[in-house]
Amino acid sequence: MKRTVLFDGECNFCDASVQFIIKRDPYEYFQFASLQSETGQQLSRDFAIPEDVDSLVVIENGKAYTKSSGALHIAKKLDGLWHLAFLFILIPSPIRDGVYDLVARNRYKWFGKKEEACMLPTPAERKRFI
């Protein structure tokens, strides 16, 4: 079953995160759409994702996961030892989300914002973007 990752298409950190996921997802569990795209906006409406969520969302089994829960649901399916990061789900979400919010709030300052150039996916990667 495909899981959909919605990401901020203007954020360098989010773009790097998508590349990180693609490299560690040999079974192609994930497909991707930017939050700014028509598909991303439609999925945001369909899953009642709050408008203030602007970094990363994972849609899995008919449910949308945001903030640290979304990141951990991604880690759970990645190749290598990354799935062990899912154990952080045991930490209360207010603590996890506090750290997540700190990074999300500063992501443009720390990692920059895309101007116009974006990565060109290979043909195999291109089919994973919706």
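Everything numeric here is computed off the predicted structure, so don't read it as measured data.

## Some words on the sheet that holds strand E3 (residues 56–60)
Part 1 of the reasoning: Spatially, E2-E1-E3-E4 is the arrangement adopted by the four strands of the open sheet, whose pairing is mixed. If you trace the sheet from one side to the other, it starts and ends with strand E2 (30–34) and strand E4 (63–66), each paired once. Pairs of neighbouring strands in the sheet enclose a mean axial angle of 25 degrees, with direction left out of account.

## Some thoughts on the nonpolar core
Part 1 of the reasoning: Val5, Ile21, Phe30, Phe32 and Ile74 are the most contacted members of the largest nonpolar core, which has 15 residues in total.
Part 2 of the reasoning: Taken together, the elements giving at least two residues each to this core come down to strand E1 (3–7), helix H1 (12–23), E2, E3 and helix H4 (93–111).
Part 3 of the reasoning: Looking at which element gives the most residues to this core, the answer is H1, with four residues.
Part 4 of the reasoning: Residues contacting phenylalanine 32, with those up to four places away along its chain left out, are Val5, Phe7, Val18, Ile21, Ile22, Arg128, Phe129 and Ile130.
Part 5 of the reasoning: Of all hydrophobic cores here, the second largest spans eight residues; its members include Leu6, Ala33, Leu35 and Ile59.

So, how was this worked out
Residues numbered from 1 in each chain as written. Predicted model: local features only at pLDDT ≥ 70, side-chain atom pairs only at ≥ 80, totals over all residues. Heavy atoms only, no water. Pairing = 2+ DSSP bridges. Helix = DSSP H or I, 4+ residues; strand = E, 2+ residues; numbered from the N terminus. Axes fitted to C-alpha atoms, helices over the stretch in contact; angles between N-to-C directions. Core = buried A, V, L, I, M, F, W, Y, C linked by side-chain atoms within 4.5 Å. Buried < 20%, exposed > 50% of the residue type's maximum accessible area, 1.4 Å probe, protein only. Contact = heavy atoms within 4.5 Å.

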